[in-house]
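Chain residues, written in single-letter form:
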Amino acid sequence: MNTNDMKYNTQERMLPLPEYGRYVQNMVDYALTVPDREERQRCANTIVDIMGNMFPHLRDVPDFKHKLWDHLAIMADFKLDIDYPCEIVKKGTLGTRPDDIPYPKSAIRYRHYGRGVQELVERAVAYPEGEEKKRLVLLIANHMKKCFLAWNKDVVDDQKIFDDLKEYSHGAIDLNAEEVHLWDQKMFVQQRKGRQGKHRQKNN
């Protein structure tokens, strides 16, 4: 066997859409050479059906067929003269960069609590006085303790959580560890181990 006659993919031209493979690309290249328009149309329809059969799990995705026709046009470098059943993507729009998504740039005081805790504390401060507010504050404090343990994986004193809560609320929420008791940290550890166990069972 003469190894000089062997061709490798690295020696072939790059595929515009590698997920469809070189055989489908060869079909598209052949369709470009078909002189009869009706025959070329039938060829394109067959290629799209083959492309769809390669990803049967995506058939229920909205506009799946539309995407296939877009991909056919891309693989043909928009030179395939057929009657497309839908408006295909424009060649000039393929390289355009989407608009940047605005990202909040406000600083997070303690990263282990996250931005959500800051917003919860602000709402708790504005909440009307009463039993519901007390329960809300207690839930926030317990959540802060869970976040602290998840980040640091160490022991934490309830008073530390209360001090951070007081700082977040600018002194509006002032709890005392001698009067208010948070959940025992063993509960958080057990919850974390339970989730990890379920995750391992699922993977197995």
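Residues numbered from 1 in each chain as written. Predicted model: local features only at pLDDT ≥ 70, side-chain atom pairs only at ≥ 80, totals over all residues. Heavy atoms only, no water.

**Structural notes on helix α4 (residues 114–126)**
Let me state the cut-off plainly: Only protein chains enter the accessibility calculation, which uses a 1.4 Å probe; a residue whose area is less than 20% of its type maximum is buried, one above 50% is exposed, and one in between is partly exposed. Labels follow the DSSP assignment, with helices taken as runs of H or I lasting at least four residues and strands as runs of E lasting at least two, numbered in each case from the N terminus. Directions drawn from the helix axis to the C-beta atoms are what define this arc. Should any heavy atoms of two residues lie within 4.5 Å, those residues are counted as being in contact.
The complete set of buried residues in α4 reads Gly 114, Val 117, Gln 118, Val 121 and Ala 124. Each buried residue of α4 sits inside an arc of 125 degrees when the element is viewed along its axis, so together they form one side. Residues of α4 that are exposed and point more than 90 degrees away from the buried face comprise Glu 122, Arg 123 and Ala 126. Elements that come into contact with the buried residues of α4 comprise α5 (131–152) and α6 (158–168).

**Some details on the packing of aromatic side chains**
Where we set the bar: Two rings from Phe, Tyr or Trp (for Trp, the six-membered ring) form a pair when their centres are within 6.5 Å of each other. A pair whose planes differ by under 30 degrees is stacked, one over 60 is edge-to-face, and the rest are tilted.
A complete count under the given rule lists three aromatic pairs for this structure. Look at Tyr 20 and Phe 55: their rings are 5.6 Å apart centre to centre, the planes differ by 85 degrees, and that puts the pair in the edge-to-face class. Of this pair, Tyr 20 sits in the segment before α1 (21–33) while Phe 55 sits in the loop between α2 (37–53) and α3 (64–75); the two residues are 35 residues apart in sequence, bridging distant segments of the chain. When its relative accessible area of 5% is taken as the criterion, Tyr 20 is described as buried.

**Some details on α6**
Filter applied, for reference: Any pair of nitrogen or oxygen atoms within 3.5 Å is treated as a polar contact; in protein, a donor-acceptor pairing is required on top of that, and neighbouring residues in sequence qualify only through side-chain atoms on both sides.
All buried positions along α6 are accounted for by Asp 158, Ile 161, Phe 162, Asp 164, Leu 165 and Tyr 168. One side of α6 holds all its buried residues, which, seen down the axis, span an arc of 160 degrees. Against α4 and α5 lie the buried residues of α6. Its side-chain oxygen placed 3.1 Å from the backbone nitrogen of Gln 159, Asp 157 serves as the N-cap of α6. Where α6 ends, the next residue or the one after it, His 170, has phi of about 55 degrees, a positive value.

**Considerations on the layout of surface pockets**
Going by this rule: Buriedness for pockets is judged along seven lines, at least five of which must meet protein on both sides within 12 Å for an open set on the 1 Å grid over protein atoms alone, while cavities are sets there where a 1.4 Å probe fits but cannot get out, and lining residues have an atom within 4 Å of a point. Grid points are joined across faces, edges and corners, and a volume is the space filled by probe spheres set on the points. Following the grouping adopted for this structure description, the nonpolar residues are Ala, Val, Leu, Ile, Met, Phe, Trp, Tyr, Cys and Pro, the charged ones are Asp, Glu, Lys and Arg, and the polar ones are all others, Gly among them.
Counted as a void, the largest pocket has a volume near 210 Å³. Looking at the largest pocket, the residues that line it are Glu 129, Gly 130, Lys 133, Lys 134, Val 137, Leu 138, Ala 172, Ile 173, Asp 174, Leu 175 and Val 180. Grouping the constituent residues of the lining of the largest pocket by class yields six nonpolar, one polar and four charged.

**Re unusual backbone geometry**
One non-glycine residue, Asp 77, lies in positive phi territory at about 55 degrees. You can see Asp 77 is positioned in the loop between α3 and α4. For Phe 78, which is not a glycine, the phi torsion comes out positive at approximately 60 degrees. Considering the arrangement of structural elements, one finds Phe 78 in the loop between α3 and α4.

**Digging into the environment of Ala 44**
Looking at the element boundaries, Ala 44 is found in helix α2. With a relative accessible area of 0%, Ala 44 lands in the buried category. Each C-alpha atom of the pair Ala 44 and Leu 72 lies 8.0 Å from the other, and the pair is 28 residues apart in sequence. Those residues in contact with Ala 44, other than ones at most four positions away along the chain, are Trp 69, Leu 72, Leu 80 and Ile 82.

**Focus: the packing of α4 against α5**
Put simply, the test is: Convention adopted: a line fitted to C-alpha atoms gives each axis, helices being fitted over their contacting stretch, and angles between N-to-C directions are expressed from 0 to 180 degrees. Throughout this description, any angle smaller than 35 degrees is read as roughly parallel, any larger than 145 degrees as roughly antiparallel, any in the 65 to 115 degree range as roughly perpendicular, and the remainder as oblique. By convention, the crossing between two helices is left-handed when the near helix turns anticlockwise from the far helix through less than a right angle, and right-handed when the turn is clockwise.
Between α4 and α5, the shortest axis-to-axis distance is 10 Å and the interhelical angle comes to 165 degrees. With respect to each other, α4 and α5 are oriented roughly antiparallel. Considering only the axes of α4 and α5, their crossing is left-handed. Contact residues: Val 117, Leu 120, Val 121, Ala 124 and Val 125 in α4; Lys 133, Leu 136, Val 137, Ile 140, His 143 and Met 144 in α5.

**Topic: the pattern of salt bridges**
Keep this limit in mind: What makes a salt bridge here is a side-chain nitrogen of Lys or Arg within 4 Å of a carboxyl oxygen of Asp or Glu, nothing more.
Applying the stated criterion across every chain, the model contains twelve salt bridges. In this structure, the salt-bridge partner of Arg 37 is Asp 81, at a minimum N-O distance of 2.8 Å. Of this pair, Arg 37 sits in helix α2 while Asp 81 sits in the loop between α3 and α4, placing them 44 residues apart in sequence. Here Asp 81 falls in the partly exposed class, since its relative accessible area comes to 43%. Salt-bridge contacts for Asp 81 lead to Arg 40; the nearest nitrogen and oxygen are separated by 3.7 Å.

Take it as geometry only, folks, not as evidence of what the structure does.
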